[in-house]
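These are the residues of each chain, in order.
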Amino acid sequence: MKKNILYIGLIALLMVTSCEEPIELYPLDVPSAETFYTNEVEIQGGVNACYSYIDAYQVSYLNPGFSWDALSDVVYSRGNSFTIGYLGSTLDYTHGYFQGLWRRMYQGVGRCNLILEKIEENKDLIAAEKVKQFQGEVYFLRAFYYLRLTNMFGDVVYLDAPVNSVEEASNVTRTARTEVLQKIYADFDMAAQLLAGSEVTALGRATSGAAMAYKARAALQNNDWATAATAAKSVIDSKQYSLMPSYETLFTEDVIESTENTEQIFSQGHLVEAGTQTQYVRYTASRALGGWSTIVPTQNMIDSYLCVDGMDISESPLYDKSNPYDNRDPRMRYSLVLPGDLWGDYIYETRLDKPETLNAAGETVTNRDSYNTTEFTSFTGYLIRKYFEFKYVTNSAQCENPFMLCRYAEVLLTYAEAKIELGEIDADCLAAINEVRGRSDVMMPEVTAGSQDEMRKIVRAERKIELFNENLRWDDLKRWKRAEVVLNRPILGRPVLGDYEGYPDVEFDEYGDPVYDVASYVPHPSTDYRVVLNTNFQQRDYLWPIPETELSLNPALGQNDGW
């Protein structure tokens, strides 16, 4: 039975299906815009194709759908030249990923502009409700692509109509980010208006709620607190969404695809037949399960989980250094695979002095995750549990599980943060945070009103925990101007020698991020935390460079500072 999800093919340009059915795009020849897109069926296909670019551009293990957090302090991606180079500030504007993402986003923008034009030209031939549905989805997607562009590049070329000649394309200039942001807001508003009351429910399609949730995200990412609060409150007041009771099962394929999932707002499906499968399980699985253990959580992230009393591990009396994973925020175990966990058929452990482990039957077997067996075990000693599906272990390069790109918990935390920054620390603000913390299988202590600085620390830490591996941490660090602090601290992994009691102590800064006395550590392999990456974030790295090829074609675009 086909899944009720919108599937997008990376290289596909067009496949016609109804709004109510999943979209599975296959490679087809590009039809002429002049002779195609002249009736409802053809335009529906064009709308479907506008979704193709959400997948953005993947290089090595970096994918905005599931590993964007590797650009930050919470996830490490072994062997990824782009993330390692970016965090070390060693890249230049010739790197292909800058060009790839820029070009793919503008392909999405261009297709959206074309389809909006064709809908307008042929609206008399299409049912009025279909016109609204088509336009609403495309306005949402155009704003989505421009938001990603402005987050990456700052000032960007803004186009709201098709470009019809090489000469025209070669003479465009960049528009200020602040001005583009207003146009992004307008597109999300238009999408929300047009899609209001729509009965289209296929998972993966834009909705009115998704438009307002993304407007709230766009405002938050640009420190526009009033707009963020208003947009988030509109989503809350719509009563269309609510938190699911279980964080532990929230990220499983069955729950994401369920029509009873009230938390997801916008998701992305994957399908082998459409060429949109991922290799998520290959990248995140243990070596014992045949995976590569490439995308892994950091020690920095492990230490960020509070104890169940709401205190960090340097302060809580509940923290037991000999049993460091006990009495911690339940979301730690729901999100991560920790040493000693039964993972698949094996007890997971990476220590150098643990060449053997136990299988599920209690038998002693070779430990394929031990550093004694392979140096390419998880460099940090941990694995990601979130979104992992065991059914794909035997064919780990063909994963079809969908990912939630936006969910209701984010909206609640957006609302709370915006209210805090506005100085409106009221009952609604506290309720939003406590609703997230009070999920039935989380039940972290309620927070009470404090100073703006105290509440700022709480909501930032809550985003880090609740939204781990959901591709938002990097943008958060940039908008808080914390990247220059946090991303100049080493990315760490677990020691491969020694017992927990001998692990180094950790302190925390004013925002709850861990601080380590790395200068005193004995280099790996040792009983000290392993330095897997020394970071070197520079001011220029708050924005990406305009790609070399674009500047060669149009020098008037100018370059971002420092590049």
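We now examine helix 15 (residues 427–437). Note on helix geometry: an α-helix contains 3.6 residues per turn, so any two residues three or four positions apart are oriented the same way. What helix 15 keeps buried is the set Cys429, Leu430, Ala432, Ile433, Asn434, Val436 and Arg437. Residues of helix 15 that are buried in the fold lie against helix 13 (331–335), helix 14 (408–421) and helix 16 (452–466). Two or three places before Asp428, at the start of helix 15, stands the capping residue Asp426, its side-chain oxygen 3.2 Å from that residue's backbone nitrogen.

Quick look at the nonpolar core now. If you look at the biggest cluster of nonpolar residues, it comprises 125 residues, and the most contacted ones within it are Phe140, Phe266 and Trp544. The dominant element in this core, judged by the number of residues it contributes, is helix 4 (residues 128–153), at 14 residues. With sequence-adjacent residues up to four places away left out, Phe266 is seen in contact with Tyr51, Ile54, Phe140, Phe144, Gly204, Arg205, Ala206, Ala210, Tyr214, Met404, Leu405 and Cys406. The next biggest cluster of nonpolar side chains, apart from the first, holds 42 residues, and it includes Val75, Tyr280, Tyr305 and Phe468.

Attention shifts here to the packing of helix 14 against helix 15. With their axes 8 Å apart at the nearest point, helix 14 and helix 15 run at an angle of 145 degrees to one another. Here the hand of the crossing between helix 14 and helix 15 comes out left-handed. Within the contact between the two elements, helix 14 uses Tyr408, Ala409, Leu412, Leu413, Tyr415, Ala416, Lys419 and Ile420 and helix 15 uses Asp428, Cys429, Ala432, Ile433, Glu435 and Val436. For the contact of helix 14 with helix 15, a count of residues per class yields eleven nonpolar, no polar and three charged.

Let us look at unusual backbone geometry. With an omega of 0 degrees, the peptide bond running from His524 to Pro525 counts as cis. Structurally, the position occupied by Pro525 is in the loop between strand 15 (514–515) and strand 16 (530–533). In the Ramachandran plot, Ser89 falls in the positive-phi region, its phi being about 55 degrees despite a non-glycine side chain. Tracing the sequence through the fold places Ser89 in the loop between helix 2 (81–87) and helix 3 (96–122). For Lys239, which is not glycine, the phi dihedral falls at a positive 60 degrees.

Here we come to the confidence of the model for the protein chain. Averaged over all residues, the pLDDT of the protein chain is 92; the fraction at 70 or higher stands at 93%. Between residues 1–18, whose pLDDT stays under 50, and residues either more than four places distant or in other chains, the model counts 82 contacts. Overall, residues 20–31 carries pLDDT values under 50, and its contacts beyond four positions in sequence, including any with other chains, amount to 46 contacts.

As a further point, take the packing of helix 8 (residues 225–238) against helix 14. With their axes 8 Å apart at the nearest point, helix 8 and helix 14 run at an angle of 140 degrees to one another. By the angle between their directions, the pair helix 8 and helix 14 is classed as oblique. Crossing of helix 8 against helix 14: the hand is left-handed. Contacts between helix 8 and helix 14 involve Trp225, Ala228, Ala229, Ala232, Lys233, Val235 and Ile236 from the first element and Tyr408, Val411, Leu412, Thr414, Tyr415, Glu417, Ala418 and Glu421 from the second.

Cut-offs and rules
- Residues numbered from 1 in each chain as written.
- Predicted model: local features only at pLDDT ≥ 70, side-chain atom pairs only at ≥ 80, totals over all residues.
- Heavy atoms only, no water.
- Buried < 20%, exposed > 50% of the residue type's maximum accessible area, 1.4 Å probe, protein only.
- Helix = DSSP H or I, 4+ residues; strand = E, 2+ residues; numbered from the N terminus.
- Contact = heavy atoms within 4.5 Å.
- Polar contact = N/O pair within 3.5 Å; in protein donor to acceptor, adjacent residues only side chain to side chain.
- Core = buried A, V, L, I, M, F, W, Y, C linked by side-chain atoms within 4.5 Å.
- Axes fitted to C-alpha atoms, helices over the stretch in contact; angles between N-to-C directions.
- Left-handed = near helix turned anticlockwise from the far one by under 90°.
- Nonpolar A, V, L, I, M, F, W, Y, C, P; charged D, E, K, R; others polar.
- pLDDT = per-residue confidence, 0-100.
- Parallel < 35°, antiparallel > 145°, perpendicular 65-115°, else oblique.

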